[in-house]
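Spelled out from the first residue to the last, the chains are:
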Amino acid sequence: MGNLLEGKKILVMGAANRRSIAWGCASVMQEQGAQLIYTYQNERLKKSLLKLVGDEERLVECDVSSDESIQAAFSIVKEGFGTIDGIVHAIAFAPKQELEGNILNSTRAGFAQALDVSSYSFLAVAKFAVEKELLNENASLATLTYMGSTRAIPSYNTMGIAKAALEAEMRYMARDLGAQGIRVNAISAGAVKTLAVTGIKDHSKLLDMSQNRAVDCVSVTTSQIGGMCAFLMSDLSTGVVGDVLYVDKGVHLI
Ligand code: NAD
């Protein structure tokens, strides 16, 4: 327990279940005194999130592939909670054929969908948050990325390209939102077994490879990733802007 985030309202986007990185982030931020609001993708995912959060008032539907859905969600957030201090974007999706074998399996439609949901959506979220005047001064935005953005990881394929786009986008957003006192960063997390990861062909090999390359051969946990998230949402990180911060127990070094 601590009070790093006392008085802060943070919107958490992408908690599907207790294994989600977003849930790890939420748990640490709650321990640090934040007031949390959550978005869920659809009714099916609402059920599992409600079981975790236990308070329907704090849950808002938002499908990030739709501008209208993001706008509607942010209106509800603003009406219900007023302005907020941060947004955690922990969302990604690619169709199955984009996550196996050869990169030439990629299709125009699959590629577009992966980049829309996994990259563009972070920009759309920032755009509508600013448009709706949802963010307080000194607000912090953070997204989740993976080292497949800079390395050719087996089967990660189109998602690696989406993460490269996301990281570049984060830097441009950091530049342009920085002028308004809003900072933007990305957390590059080590591999963790979540719903999203199980969509990658041979994901258990990816998880094993990652564990073996961790400096102590123990995989990173969602709470450890959550620790970085809490720091980025807190006033301790006001000088950290436009950065990719690795929380992977050193896997990216090896
Ligand atoms: P997860 O499956 O728990 O979370 C993914 C979330 O994305 C889900 O809540 C899902 O509902 C949401 N989502 C997908 N399409 C959406 C849409 N159209 N609108 C709204 N929400 C949508 O998996 P996770 O691993 O916790 O993923 C969170 C983030 O962390 C992703 O960006 C992922 O790429 C990233 N990441 C994961 C790992 C890992 O090893 N698990 C490593 C590095 C980065």
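*Asks:* Before we go on, may I ask you to explain the site of the ligand in this structure?
*Replies:* Around the ligand, the structure places 28 residues, and the nearest of them are Ser20, Gln41, Lys163, Val192 and Thr194. Between an oxygen atom of the ligand and a side-chain N or O atom of Ser20, the distance comes to 2.6 Å. Take Val192: an N or O atom from its main chain is 2.7 Å from an oxygen atom of the ligand. Protein chains bury 93% of the 820 Å² of accessible surface belonging to the ligand in isolation. The cavity that encloses the ligand is the largest pocket.

*Asks:* Would you mind going over helix α6 (residues 203-213) with me for this structure?
*Replies:* Helical geometry note: an α-helix holds 3.6 residues per turn, so side chains three or four residues apart project in the same direction. Residues of α6 that are buried include every one of His203, Leu206, Leu207 and Ser210, and no others. Projected onto a plane normal to the axis of α6, the buried residues spread over an arc of 95 degrees and lie on a single side. Exposed residues on α6 whose side chains face more than 90 degrees from its buried face are Lys205 and Asn212.

*Asks:* Just checking my understanding: could you explain a nonpolar patch on the surface for this structure?
*Replies:* Judged by side-chain polarity, Ile103, Leu104, Phe111 and Ile161 come together as a nonpolar surface patch covering roughly 370 Å² of accessible area. Tracing the backbone through its elements, the reader meets Phe111 in helix α4 (residues 108-131). Taking the relative accessible area as the measure of exposure, Phe111 reaches 32% and is therefore partly exposed.

*Asks:* Help me out: how do you make sense of the side chain of Lys8 in this one?
*Replies:* Within the secondary structure, Lys8 sits in the segment before β1 (9-13). When its relative accessible area of 12% is taken as the criterion, Lys8 is described as buried. For Lys8, the contacting residues outside a window of four places in its chain are Ala34, Gln35, Asp85, Met233, Ser234 and Asp235.

*Asks:* Teacher, can you tell me more about the layout of surface pockets here?
*Replies:* The rolling of a water-molecule-sized probe over the atoms marks out the regions of remaining empty space. Looking at the largest pocket, its volume works out to about 1,100 Å³. Forming the boundary of the largest pocket are 44 residues, of which Ala90, Ile91, Ala92, Phe93 and Ala196 lie nearest the centre. Mapped by element, the contributors of at least two residues to the lining of the largest pocket are α1 (21-31), β2 (35-40), α2 (43-53), α4, β5 (135-145) and α5 (157-178). Grouping the amino acids of the lining of the largest pocket by side-chain chemistry returns 28 nonpolar, 12 polar and four charged.

*Asks:* In this structure, what is going on with the nonpolar core? I would like to understand it.
*Replies:* Here is a general trend for soluble globular proteins: nonpolar side chains tend to be buried in one another's company. Among the nonpolar cores identified, the biggest contains 36 residues, and Met29, Leu36, Tyr38, Leu144, Ile187, Ile225 and Met233 are the most heavily contacted of them. Of all the elements, α1 adds the most residues to this core, at seven residues. Sequence-distant contacts of Ile225, defined by excluding residues within four places in its chain, comprise Ile21, Cys25, Leu144, Ile187, Ala189, Val192, Val220 and Val247. Ranked by size, the runner-up nonpolar core spans 34 residues in total, among them Val60, Ile87, Ala124 and Phe128.

*Asks:* Got a minute to help me understand the environment of Met147 in this structure?
*Replies:* Relative to the elements of secondary structure, Met147 occurs in the loop between β5 and α5. The exposure class of Met147 is buried, given its relative accessible area of 7%. With 42 residues separating them along the chain, Met147 and Ala189 place their C-alpha atoms 7.9 Å apart. Excluding its chain neighbours within four sequence positions, the residues that come into contact with Met147 are Ile153, Ser188, Tyr246, Val251 and His252.

*Asks:* How should I be thinking about the pattern of salt bridges in this particular structure?
*Replies:* Opposite charge on two side chains lets them pair, provided their charged atoms get close. Using the criterion set out here, one finds seven salt bridges in the structure. One salt bridge connects Asp235 with Lys8, and the closest N-O pair in it is separated by 2.8 Å. Here Lys8 lies in the segment before β1 and Asp235 lies in the loop between α7 (222-233) and β7 (244-247), a separation of 227 residues in the sequence. For Asp235, a relative accessible area of 46% gives the class partly exposed. Of the charged contacts in the structure, one is a salt bridge between Lys96 and Glu100, with a shortest N-O distance of 3.7 Å. On the basis of relative accessibility, which here comes to 58%, the residue Lys96 falls in the exposed class. A relative accessible area of 24% places Glu100 in the partly exposed class.

Rules used in this analysis
- Residues numbered from 1 in each chain as written.
- Predicted model: local features only at pLDDT ≥ 70, side-chain atom pairs only at ≥ 80, totals over all residues.
- Heavy atoms only, no water.
- Near = heavy atom within 4 Å.
- Polar contact = N/O pair within 3.5 Å; in protein donor to acceptor, adjacent residues only side chain to side chain.
- Areas by Shrake-Rupley, 256 points an atom, 1.4 Å probe, with all protein chains shown as cover.
- 1 Å grid on protein atoms, 1.4 Å probe; cavity = no way out; pocket = protein on both sides within 12 Å on 5 of 7 lines; lining within 4 Å.
- Sits in = over half its atoms within 2 Å of the grid points.
- Buried < 20%, exposed > 50% of the residue type's maximum accessible area, 1.4 Å probe, protein only.
- Helix = DSSP H or I, 4+ residues; strand = E, 2+ residues; numbered from the N terminus.
- Arc of directions from axis to C-beta.
- Patch = residues over 30% accessible without salt bridge, like charges linked within 9 Å, V, L, I, M, F, W, Y side chains within 5 Å.
- Salt bridge = Lys/Arg side-chain N within 4 Å of Asp/Glu carboxyl O.
- Contact = heavy atoms within 4.5 Å.
- Points joined across faces, edges and corners; volume = space filled by probe spheres on them.
- Nonpolar A, V, L, I, M, F, W, Y, C, P; charged D, E, K, R; others polar.
- Core = buried A, V, L, I, M, F, W, Y, C linked by side-chain atoms within 4.5 Å.

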